[in-house]
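Overview (structure and organization)
Chain residues, written in single-letter form:
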Amino acid sequence: MEGKRLYVGNLTYSVNEGQLRDLFTQYGEVASVKVIEQKGFAFVEMGTSEEAQAAMDALNQTVFEGRTLRIDEARPMQPRSDFGSGGSYGGNRRRY
């Protein structure tokens, strides 16, 4: 694993950053936790890539708060694509 930032998916909406920090601390230093509210996923950044790999190996496909976790290495953010020509959203809207 190259990075130390993990995507943690299939979370219940009630999970908070403290719960995830406690869970991941078992595998090393947790640099940051960011829960994306009402989306069911979070990002956890570990201290090293080795710690991130250990956490992913141990926790992926395990049950946490009644849901089976899906953990992957987080991908770098990509710029959002343009949804229409000329930069306008909504395509061919008629104006009256």
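The following refers to the structure shown.

**Side note on helix α2 (residues 49-59)**
Ser49, Ala52, Ala55, Met56 and Leu59 are the residues of α2 that are buried. All buried residues of α2 project into a common sector of 120° when viewed along the axis, lining one side. Turned more than 90 degrees away from the buried face of α2, the exposed residues are Glu50 and Asp57. On its buried face, α2 is in contact with β1 (5-9), α1 (17-25), β3 (41-46) and β6 (70-73). Phi turns positive, to about 70°, at glutamine 61, one or two residues after α2.

**Considering the environment of alanine 31**
Inspection of the secondary structure assignment puts alanine 31 in strand β2 (residues 30-36). Accessibility expressed as a relative area gives 44% for alanine 31, which makes it partly exposed. Considering only alpha carbons, one finds alanine 31 and valine 44, 13 residues apart in sequence, at a separation of 7.7 Å. When residues no more than four places from it in sequence are discounted, the contact partners of alanine 31 are Glu45, Met46 and Gly47.

**Describing α1**
The set of residues buried in α1 consists of Leu20, Leu23 and Phe24. Burial along α1 is one-sided: seen end-on, the buried residues are contained in an arc of 90°. Elements in contact with the buried residues of α1: β1, β2, β3, α2, β4 (63-64) and β6. N-cap assignment for α1: the residue whose side-chain oxygen lies 3.0 Å from the backbone N of glycine 18 is asparagine 16.

**Brief notes about the nonpolar core**
Ranked by internal contacts, the top residues of the largest apolar core, which has 20 residues, are Leu6, Leu11, Leu20, Phe24, Met46 and Ile71. Of all the secondary-structure elements, those providing two or more residues to this core are β1, α1, β2, β3 and α2. The dominant element in this core, judged by the number of residues it contributes, is α2, at four residues. Not counting residues up to four positions away in its chain, the partners in contact with methionine 46 are Lys4, Leu6, Phe24, Tyr27, Gly28, Glu29, Val30, Ala31, Glu51, Ala52 and Ala55.

**What about the pairing of β1?**
Pairing between β1 and β3: five bridges, direction antiparallel. For leucine 6, the partnering residue across the bridge sits in β3 and is valine 44. As paired elements, β1 and β6 share four bridges and run antiparallel to each other. Opposite tyrosine 7, over in β6, you have aspartate 72 as the bridge partner.

**Observations regarding the pattern of salt bridges**
With the rule as written, the count across this model stands at one salt bridge. Across the pair arginine 70 and aspartate 72 runs a salt bridge whose closest N-O atoms are separated by 3.0 Å. Classification of arginine 70 by relative accessible area gives partly exposed; the value is 44%.

What counts and what doesn't
- Residues numbered from 1 in each chain as written.
- Predicted model: local features only at pLDDT ≥ 70, side-chain atom pairs only at ≥ 80, totals over all residues.
- Heavy atoms only, no water.
- Buried < 20%, exposed > 50% of the residue type's maximum accessible area, 1.4 Å probe, protein only.
- Helix = DSSP H or I, 4+ residues; strand = E, 2+ residues; numbered from the N terminus.
- Arc of directions from axis to C-beta.
- Contact = heavy atoms within 4.5 Å.
- Polar contact = N/O pair within 3.5 Å; in protein donor to acceptor, adjacent residues only side chain to side chain.
- Core = buried A, V, L, I, M, F, W, Y, C linked by side-chain atoms within 4.5 Å.
- Pairing = 2+ DSSP bridges.
- Salt bridge = Lys/Arg side-chain N within 4 Å of Asp/Glu carboxyl O.

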